[in-house]
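The chain contents come next:
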Amino acid sequence: MLTGRLCWVPLLLALGVGSGSGGGGGGGGSRQRRLLAAKVNKHKPWIETSYHGVITENNDTVILDPPLVALDKDAPVPFAGEICAFKIHGQELPFEAVVLNKTSGEGRLRAKSPIDCELQKEYTFIIQAYDCGAGPRETAWKKSHKAVVHIQVKDVNEFAPAFKEPAYRAVVTEGKIYDSILQVEAVDEDCSPQYSQICNYEIATTDVPFAIDRNGNIRNTEKLSYDKQHQYEILVTAYDCGQKPAAQDTLVQVDVKPVCKPGWQDWTKRIEYQPGSGSVPLFPDIHLETCDGAVSSIQITTELQTNYIGKGCDRETYSEKSLQKLCGASSGIIDLLPSPSAATNWTAGLLVDSSEMIFKFDGRQGAKIPDGVVPKNLTDQFTITMWMKHGPSPGVRAEKETILCNSDKTEMNRHHYALYVHNCRLVFLLRKDFDQADTFRPAEFHWKLDQICDKEWHYYVINVEFPVVTLYMDGATYEPYLVTNDWPIHPSHIAMQLTVGACWQGGEVTKPRFAQFFHGSLASLTIRPGKMDSQKVISCLQACKEGLDINSLESLGQGIKYHFNPSQSVLVMEGDDIGNINHALQKVSYINSRQFPTAGVRRLKVSSKVQCFGEDVCISIPDVDAYVMVLQAIEPQITLRGTDRFWRPAAQFESARGVILFPDIRIMSTIAKAEAPAPRSAVLEEMLHNLDFCDILVLGGDLDPRQECLELNHSELHQRHLDATNSTAGYSIYGVGSMSRYEQVLHHIRYRNWRPAALEARRFRIKCSELNGRYTSNEFNVEVGVLHEVRVSDKEHVSHLIVQPPFLQSVHHPESQSSIQRSSVVPSIATVVIIISVCMLVFVVAMGVYRVRIAHQHFTQEAEAAKEAEMDWDDSALTITVNPMEKHRAPGHGDEETEEEEEEEVEEDVSSGSSDSDDSDEEEEEGVGRGRRGQGGARQAQLEWDDSTLPY
C-alpha cells in the first residue's frame, strides 16, 4: 500500500503542486491547490471488513483482531490521504473509537463506561473510517465501507456461589443406606462458564455419617439409629470452577425416623406429685402404636412399685396403738416393739429407723420383754400381728430365726409359744400346759409362702383360736399346710422369759444366753389376748395411703375390664379396641392421701400383651418404665400459746378440783408459703392436722405422790378417743386426734397439792407431736404460784381491816421509819420531820390507792378465769387476824417494834385526815404494810408474790 502511495508523487509534482513559482503571486497558487485537492480526494478510506475484540469487564481497553487501522489511496496528499475519525453505528453502545495517528490511520476502540459481563456478554456493531476531506475544514470528506465489529466481554470471578435454599430438610428411616438422601444446589452469578459453574460441594461439619458428591447429592455413609440420634444438622458449602467458596453455608437437617416399632408413644418418664394434689394423671397423652397391625385384644398391667418406701408403701407413721384405734380395733393390744422411752426401754438397744419405727435385726441381738407386759398365761384366743421383711436364710440348712419366743428363764429350755422362720417357712409353736387329758395336741403350725423370703414388706396376722390357728398375710387367708402334734408341757414353777428377735436359752447351757437370732426387719409387733378383730380392721391396719386410681370410672368406655389388687398398687385393664384402651390408660392416676407423704421416687411399670386375629401373640410391646417423684411437703410449725405464769390461792390447790394448768392454751400450726410476686418472701398460713401425743413434764423434781398429783377425768379422754398415762414425772396424752380435741383435754388438766403451805410455785412443760415425733411443737413452760393467806390482828384498832387481794405487793417506806427515828433522836425538829413524813405518807397513800385499784382489776380477771375452771374464789371473806407484833417478834428487836408502832400511829393519824372515800383503801394498804414489816424468820406465813408483771 505504501508503494501505491509513492506512485502518486510524480503526478502531483507534474501538476505543480509542490512548485513555489507561478505568475500572479500566492493567491493564484492557493486556488490551484484547492482545485488540485478536490481533484486529488478521489478515494474512500479503507478498513477491514470485520473485527473481533475482547474486553475484560471493569476495564476500558478493547483488544481487536486485526488492529483498527484505516488506509486511504489519496495519501500522502494532505487531508485527503489522512484519517480523521472512526464512527460507530448503534444506539447507546458503551464504546467509542479514537484516532491515534491520522497519517498512519491507526485507531483504538475503548469503553466509555464500565462493562459488566453479567449484563451483556458480547457486543456487535458497525464501524466506519473517515478521512480528513479536501482541507482543514474537513469538507468533502469521504468514508469507508462498513465493517462489523464483534466484541466479547471477558468475565471476572467476582461473585461467590449461593445456594438456592437457605436450608434443606429430609427424613430418613433408620437402619438403611441411601444413595441420595437429598440434593443441594448452588448458583453463581458470574457470566462465564468457568466462574458461573459449580465444580464442587463439600460438607463443612465434621464427624457426621454423611458424604456429598460434585452434583450436591448427600448420602449416609452408615446406618442411622433413631435411639442414638433423632436428628442431624450439617453445614454444606459450594465451590465454583474458579475455586471460590460460597459466601454462606447452607444448613441441612436430616431427621431419623424410627422403624415402625409397636409401643407406647407420648409419655413422660418423670411425673411430679405435689402433696395434697389429690389424684394426678400419670399418662394424659399416651397412645399405643401397633404399626397397622390388626389387633383383636390387648391387656395392660400398670404396677406402682413402692416396696422400698417405709413398710412396702407410704403408710401412716403413727404408733401401733394409735393405728389400732384409728382402725377401730378392740382395746387391749400390747406393743412389743414400742418406741424407746423411760417406760419402754427394752427396745433402746435395737437398730431402728426412727422415722418409721422399723427395727432391724442383724442376727446378733434380741430384746427381753419385762415381766408383766404380757400376761403369763394366754387364753385359747389371742392374736399376733406384725410387719416383716425377710430374705433367704444363709446356708443350705439354716437355723431357726426367732421372731417371738416365750421360754423358761432358768433351769430348763422349754418353749411355751414361739413364732419363727425356718427355711422360708413360717412356723408358730404353741405348747399347752398339762392341765387336761394326757393326749397329743396340735403344737406346730407351718406355712410355706414365697412372700416369706422375697425381701419385701408384708403384714402378718396370726389368729389363735385353739386348736385352730389361721394366718392372714396382706389381708388374704392362709391355712397351715402342716400341723404337728406334741405332748403338753408339765407344770412347773419356773419363770418364763418373753423375747423378740431371738429366743432365751435359760437351761442346758453353762450361761443363759440368746439363741436362734432373727435376720430381717420387724415393725408393729403386737400381741392381744382375746378374739381377733374383723377382716375390715385387718385390711385397715395394712392399707397403703398411696396407690393407683382411675379418675372417672364412667369415662373408661365400653368393653374395658379392669381389676385392682387389694393395695391398689397393680391395675389390670383389658379391651379389644385400641382407642378405648388408650383412653382408659390416660385416666390412670396416682394418689397419696397422706397429709405429709414420704418424699421420694415411686417407680412405674406398664406392661402390655397384644393378641391378633388367629394368633396367640402377634406383636411384642416394650414396657413403659417411668417414676412418680413425690415432692417434699412443707413442714408445719406447731405452736403452743397461752398464759405462762399465774397465781392461785392455796385453798384452791387443796380443793378436790385443784388448779387448772392450761386454762387458755391454744394449739396452732402454720406453714410458710412463698408469694407469687416475691418468691423470696413467705407468708404464714394456718393449717389443720392431727396430733398423736402431748407430754406434760414436771420441772424442778418429780411429783411427791404423798402430797401432789396431776389429774384428768377419764371421761374427757374417752369421749375424744384419746388415752393417757400418768406418773410422777408428768402426764402423757396420746392418740390420733385433732388439735382442737387436744386443746379441750388440756383445758381440764388439774394440779393438786394437799400441803401448799410449803409450796411457792410449780413449773411444768408441755410439748406436742404429730406423726410419732416427725413434727414437734415448741416447749411451752407454765409456772403456777401459790397465794398464801396472811392473818393479822391489831391491838390498837377496834375494827378489822379487809385485806386486798394478797398478790398485791406491800409498799415499804424506809423514809417513814427514818423520819420517826430522827424525831425521837432530835426532839427540837420533831415537828418539821412529822410534817415532812406526813406529806410523804400522803403521796405514798395516793400511789397505793392507785395501785390497789389496778391490782383489783387484774384480780377480777384472774377470778373470772378461775370461775371458768369451776373454781370459786371469794376475796371478800379474807380478814386480817394475825398480829404481826406477836407472831413475828424476835429477840433483840424491841426498838424496831417500838418504831413500827409509832409509825403505825402516824399513818393512822394521816389516814383519819383523808376523805371518806379513801378510808378503806388506806386502811387496807396500811394493813398490808404492817403485815410485811412484821415479817420475821418464819416465811411460811409470808405473802409470796412477784410484782414484776403488775401494771402501775
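Conventions we followed
- Residues numbered from 1 in each chain as written.
- Predicted model: local features only at pLDDT ≥ 70, side-chain atom pairs only at ≥ 80, totals over all residues.
- Heavy atoms only, no water.
- Pairing = 2+ DSSP bridges.
- Helix = DSSP H or I, 4+ residues; strand = E, 2+ residues; numbered from the N terminus.
- Axes fitted to C-alpha atoms, helices over the stretch in contact; angles between N-to-C directions.
- Contact = heavy atoms within 4.5 Å.
- pLDDT = per-residue confidence, 0-100.
- Buried < 20%, exposed > 50% of the residue type's maximum accessible area, 1.4 Å probe, protein only.
- Salt bridge = Lys/Arg side-chain N within 4 Å of Asp/Glu carboxyl O.
- Disulfide = S-S within 2.5 Å.

What about the sheet that holds strand β44 (residues 624–630)?
Taken together, the six strands give an open sheet; going across it, the order is β18-β44-β43-β21-β41-β40, and neighbouring strands pair in mixed fashion. Both outer strands of the open sheet, β18 (270–273) and β40 (561–564), are each paired with one neighbouring strand and no more. Pairs of neighbouring strands in the sheet enclose a mean axial angle of 15°, with direction left out of account. Where strand β21 (residues 295–305) lies against strand β43 (residues 600–612), 10 bridges are found, and the strand directions are antiparallel. Its bridge partner being in β43, I298 is matched across the sheet by V610. Here helix α6 (residues 578–586) sits on the sheet and contacts β21, β41 (570–575) and β43; the angle it forms with β21, its principal contact strand, is near 10°.

Remarks on the confidence of the model for the protein
Taken as a whole, the protein shows an average pLDDT of 78; of its residues, 77% reach a score of 70 or greater. Across the protein, the element-wise mean pLDDT spans from 36 in helix α1 (residues 2–14) up to 95 in strand β13 (residues 210–212). Ignoring residues within four places in sequence, the model shows residues 793–828, a span with pLDDT below 50, making 77 contacts including any to other chains. Contacts from residues 865–952, a stretch scored under 50 in pLDDT, to residues over four places away or in other chains number 152 contacts.

Points about unusual backbone geometry
At the junction of D65 and P66, the peptide bond is cis and its omega measures out at -5° in the coordinates. Residue placement: P66 occurs in the loop between β2 (62–65) and β3 (83–89). A cis amide bond links F466 to the next residue, P467, at an omega of 10°. Structurally, P467 is set in the loop between β31 (457–465) and β32 (468–473). Notably, Q243 is not glycine yet its phi reads approximately 65°, a positive angle. Located in the positive-phi region is C424, a residue other than glycine, with phi close to 60°. You can see C424 is positioned in the loop between β28 (415–422) and β29 (425–430). Residue C424 is classed as partly exposed on the basis of its relative accessible area of 24%.

Thoughts on the pattern of salt bridges
Applying the stated criterion across every chain yields a total of 18 salt bridges. For E174, the salt bridge identified is with K261, shortest N-O distance 3.8 Å. Highlighted residues: E174 in the loop between β9 (167–173) and β10 (182–183) and K261 in the loop between β16 (250–257) and β17 (263–265), separated in sequence by 87 residues. Given a relative accessible area of 9%, E174 falls into the buried group. D371 serves as the salt-bridge partner of K409, at 3.1 Å between the closest nitrogen and oxygen.

Description of the state of the cysteines
Applying the stated criterion across every chain yields a total of eight disulfides. Between the sulfur atoms of C199 and its disulfide partner C241 the distance amounts to 1.7 Å. Its S-S torsion of about 75° marks the bond between C199 and C241 as right-handed, since a negative value means left-handed. Of the two residues, C199 is situated in strand β12 (residues 198–203) and C241 in the loop between β15 (231–240) and β16; the sequence distance between them amounts to 42 residues.

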